[in-house]
Every structure is written in C-alpha cells, then in structure tokens.
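# Observations on the model geometry
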Amino acid sequence: MALRINDKAPDFEAETTQGRIKFHDWIGDSYAILFSHPKDFTPVCTTELGYLAKLEPEFRKRHVKVIGLSVDPVTDHERWRGDIKEVTGGDVQYPMIGDSDLNVAKLYDMLPGDAGDTSQGRTAATNATVRTVFIIGPDKLIKATLQYPMSSGRNFDEVLRLVDSIQLTAQHKVATPVNWKNGEDVIIVPAVSDEEAKTRFPGGWKTVKSYLRIVPQPKAPPREG
C-alpha cells in the first residue's frame, strides 16, 4: 500500500554504518529525514550524499536526524564514504542503512513486493524507484515525501526549507506561501477566526482576501546549539 502524508512511518530493524537500529527508537523525540538511493557508487547519489553531509549540521540545529538507505550492504556503504569525501569534500557522519534483503525498500513501497529478497545482481536501473525522501515527525507520522528520477539530483536546500515550514506550521496556526523562506511573512489559516487571530497575532495582519490574511512570521522554529 502506498504511503501518504499523515500515515505512520513503518518501523523496522536494520543494520547501519553505525550499528543495528530499531527505526522508531532511533528517531526518538526528533524529526527524521529518511532518504534512499538506488545503488552505491553511482554518480548523482555521490554528489547528493556529500552535499547532505555538509548540510547535516543545519538539520541538527532543527532537531532533525538524517539517515540514508541503499539496497547495498553496509560494507559497500563504508567503502563508498571515501569516494564521497574525495569527490565532494563532505564527510558522511549520518548512518546509512544496509538494505540488501530489500526489506525496507519494500516496506516503504519503493520496490514491489515481488522484487525478491536480495540486492545481488540488481542494478541502479532495476532499483530506480528507491529514490524517495521521507520527512517524519516525532510522532512517527510522515509529514512529507519527495520522489526524484535517477537523472535529477535532489535539492536538499529545499528539504531544509520544507522542514522549517513543517516545524513552524506545527507550532502556530499558519501556513507558508509559495517560495516562502524562514523569516518571511506567512498566512493565517482559514480555520482561525478574526477574533482568535486578534489574540494569536496582536500585532495585526494584512487582509488581501477574506480567506487570505498575511502576518509576520511568528517565533521561528526552535534551534539547538
């Protein structure tokens, strides 16, 4: 069954480059980014993992854990790390799941159930659908998903922006408009009456339409030191 926003993220146990984990326990009370790629030692993914390694401190400030997944074994991940650092300068410190039995890829509907039970003999092309980003909340619910083809590198700056929006709108009764960036004006959600809005936003707001009320961003999402 396809996973949708607000579905419970499936729990699992797996080996990673940092030891065996139980996924929900590993998330704990944090947000989590689970991102997958079709195969180790592939060009686009090499650039992605390196860039994300450099960006990871920004996710950490937002109380977000990062974890990668490939259908290759952990031993391959460890060897690949050296290439990633050499090519991009990014030193991968986040854990990488070894999914050589395809269990997690199938659990998250990235491969069909009849894909077999081993990564042996599979190519990047046969794993092309293992190319998804899941943003998961502390409640273990899926907050967002992004899917990319193998030929298009993912924009992890956009993932960071999306995390900022998700965390902000979870704390306040606001939504973020098109191309919003942290610190810019936001929208008061329609479910908030003008009377409630006076209490929530005492500084006032701009009414563009009865359903579109613009207000300065409330207190930004929390940061860690």
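Looking at an unreviewed UniProt entry, the protein chain carries the name Peroxidase, with the source organism given as Candidatus Viadribacter manganicus.

## What to know about the pattern of salt bridges
All chains considered together, the criterion is met by 20 salt bridges. Of the charged contacts, one joins glutamate 48 and arginine 154 as a salt bridge, the two residues approaching to 2.8 Å between their closest N and O atoms. Here glutamate 48, found in helix H2 (residues 43-61), pairs with arginine 154, found in the loop between strand S7 (142-147) and helix H5 (156-171); they are 106 residues apart in sequence, far enough to count as distant. Overall, the relative accessible area of 3% leaves glutamate 48 in the buried class. Between glutamate 58 and arginine 62 there is a salt bridge, with the nearest N and O atoms lying 2.9 Å from each other. Residue arginine 62 is classed as buried on the basis of its relative accessible area of 7%. Overlapping salt bridges, with partners in common, bring together Glu58, Lys61, Arg62 and Asp164 in one network.

## Brief notes about the pairing of S7
Looking along a regular strand, one sees side chains alternate from face to face of the sheet. Judged from the 5 bridges that link them, strand S6 (residues 132-136) and S7 form a sheet pairing that is antiparallel. Paired with phenylalanine 134 across the bridge in S7 is threonine 145. Hairpin connection of S6 to S7: 5 residues between the antiparallel strands, including lysine 140 at a positive phi of 70°.

## Let's talk about the sheet that holds strand S8 (residues 174-175)
The sheet built from 4 strands is open, its strands ordered S8-S9-S11-S10 with antiparallel pairing. This sheet does not close on itself; its edge strands, each paired only once, are S8 and strand S10 (206-209). By the bridge criterion, 2 bridges tie S8 to strand S9 (residues 186-188) in an arrangement that is antiparallel. From the neighbouring strand, valine 174 faces S9, where its bridge partner is isoleucine 188.

Parameters at a glance
- Residues numbered from 1 in each chain as written.
- Predicted model: local features only at pLDDT ≥ 70, side-chain atom pairs only at ≥ 80, totals over all residues.
- Heavy atoms only, no water.
- Salt bridge = Lys/Arg side-chain N within 4 Å of Asp/Glu carboxyl O.
- Helix = DSSP H or I, 4+ residues; strand = E, 2+ residues; numbered from the N terminus.
- Buried < 20%, exposed > 50% of the residue type's maximum accessible area, 1.4 Å probe, protein only.
- Pairing = 2+ DSSP bridges.

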